[in-house]
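Geometric and topological summary
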Amino acid sequence: YKTFGIEPAGEEGSFFQEVKLEQPITSSYSFKVYSANGETFDESMHNANEIGSFINWSKGELEQNGEIIFGGYGVKNDSVNQYPSEMEGKWLLVFYEQANFATLQNEIAAEKASGALLILNTDDTSYIARAEGGKEGFGFPGSLSLSYLEEERSSGGVINIVKPSFAAELLGLEGVEGLVELKNKISSEPEGFQAIETEFSLDYKQNATPRTVDSKN
């Protein structure tokens, strides 16, 4: 920089600036599902020692809660709209499809939904494998990010993965077999599906310890 005649603009006349980075340490995620009468229907955690009914896919607010609405495959185009008319402060339960994921994220943000609950598969085996693998990440510092970007990211909706057999319970179906039947039915007749309110609500919490790293660049 000196060779090109550039004057330093950093702290104390240097070419460096101090940058604060965030690297939170997550110890667990807790999930509590309530039935329509307010009674606890299910309570579980995902941490280094146990797995439960949900896995976090994408962080947002440290705490979120709201009613659960089933939105099919989360399709929205000129001829099909599987989203509810009101999403603010609610969770959208959907069958995951990569082609619809960007639309899902946009709808959650635009409508200020609590977040999404994804049904990735229709069997518990892959879910359990993913949850077991995720145990290793708890209790260690996460990836570094700029403080102001972390604040923006933490203000959005949360995306969690739901255990298929538990998703069937939320939808009042007979196990994963019923989940497969429903998935196939909606896939074959997407235009005939309308969002369905479930009888449940979810409280979500990310249990994390803030950690700030000072750096210079």
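Now for a quick tour of the structure. (Residues numbered from 1 in each chain as written. Predicted model: local features only at pLDDT ≥ 70, side-chain atom pairs only at ≥ 80, totals over all residues. Heavy atoms only, no water.)

The next subject is the pattern of salt bridges. The tally for this structure, following the rule as stated, stands at three salt bridges. Between K135 and E132 there is a salt bridge, with the nearest N and O atoms lying 3.1 Å from each other. On the basis of relative accessible area, K135 is assigned to the buried category, the value being 18%. (Salt bridge = Lys/Arg side-chain N within 4 Å of Asp/Glu carboxyl O. Buried < 20%, exposed > 50% of the residue type's maximum accessible area, 1.4 Å probe, protein only.)

As defined by bridge partners, strand β2 (residues 25-35) adjoins strand β3 (residues 40-47) across seven bridges and the pair is classed as antiparallel. Along β3, the bridge assignment pairs S30 with M45. Two successive antiparallel strands, β2 and β3, enclose a turn made up of four residues, where G38 displays a positive phi of approximately 90°. (Pairing = 2+ DSSP bridges. Helix = DSSP H or I, 4+ residues; strand = E, 2+ residues; numbered from the N terminus.)

Ranked by size, the top nonpolar core spans 26 residues in total, and within it F54, I68 and L202 carry the most contacts. Looking at this core, the elements that each hand over two or more residues are β2, β5 (63-70), β6 (91-95), β7 (115-119), β9 (158-162), α4 (164-170), α5 (175-188) and β10 (196-209). If we skip the residues at most four places from it in the chain, I68 touches W91, L93, L117, L170, E197, T198, F200, S201 and L202. Of all hydrophobic cores here, the second largest spans 18 residues; its members include F101, Y127, A131 and I159. (Core = buried A, V, L, I, M, F, W, Y, C linked by side-chain atoms within 4.5 Å. Contact = heavy atoms within 4.5 Å.)

Taken together, the eight strands give an open sheet; going across it, the order is β3-β2-β10-β5-β6-β7-β9-β4, and neighbouring strands pair in mixed fashion. The open sheet has two edge strands, β3 and β4 (54-58), and neither has a second partner. For this sheet the average axis-to-axis angle between neighbouring strands, irrespective of direction, equals 30°. Judged from the four bridges that link them, β4 and β9 form a sheet pairing that is antiparallel. Paired with N56 across the strands is N160, a residue of β9. Against the sheet, helix α2 (residues 124-134) contacts β3, β4 and β9, and its axis sits at roughly 70° relative to β4. Against the sheet, α5 contacts β5, β6 and β7, and its axis sits at roughly 85° relative to β6. (Axes fitted to C-alpha atoms, helices over the stretch in contact; angles between N-to-C directions.)

That's the geometry; what it means functionally is another story.
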